[in-house]
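# Chains, contacts and geometry: an overview
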Amino acid sequence: YGKQWYQRRVRGFFDKSDLRTTILYICERQFQGVSNRSMFTGLKAVTHFGRPNFDRMFEDIRLTHEDVRKFGVFVCGPPAMSDAVKESCSKITGKQTFVAYAENF
């Protein structure tokens, strides 16, 4: 990766995150570039930072699986995350439904 790539990524990421998360993001991307693995998980899958955009994720799933009428969404995490998932599930309207099942810790 070139210097400009890092500058764009860091600026965009830093706008949404704190300094610690930004540094971890840079280290993770560099490690993946060298070893083709996540330094956090050891897996080849890319580690994504921050909370997912559940609305967009569920919309993509809904459109990809138009023949499915009911989706079960299982979430385990802090109450704020469960609430965000439940809220996104409730926004899906029409012939398809998303039902959230949560366990909080």
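Quick note: structure is the one above.
We now turn to the structure provided with this report. (Residues numbered from 1 in each chain as written. Predicted model: local features only at pLDDT ≥ 70, side-chain atom pairs only at ≥ 80, totals over all residues. Heavy atoms only, no water.)

### Comments concerning a nonpolar patch on the surface
Among the surface-exposed residues, L24, F31, M39 and F40 lie close enough to one another that they form a single nonpolar patch of about 330 Å² accessible area. You can see M39 is positioned in the loop between α2 (19-35) and α3 (54-64). (Patch = residues over 30% accessible without salt bridge, like charges linked within 9 Å, V, L, I, M, F, W, Y side chains within 5 Å. Areas by Shrake-Rupley, 256 points an atom, 1.4 Å probe, with all protein chains shown as cover. Salt bridge = Lys/Arg side-chain N within 4 Å of Asp/Glu carboxyl O. Helix = DSSP H or I, 4+ residues; strand = E, 2+ residues; numbered from the N terminus.)

### Considerations on the pattern of salt bridges
Counting across every chain of the model gives three salt bridges. Close ionic contact of E87 with K91 constitutes a salt bridge, the shortest N to O distance being 3.8 Å. Taken as a pair, E87 and K91 lie in helix α4 (residues 79-91) at a separation of four residues, close to a single helical turn. For E87, a relative accessible area of 47% puts it in the partly exposed group. Here the residues in one salt-bridge network are D55, E87 and K91, joined through shared partners. (Buried < 20%, exposed > 50% of the residue type's maximum accessible area, 1.4 Å probe, protein only.)

Without other data, these values stay purely geometric and don't point to any function.
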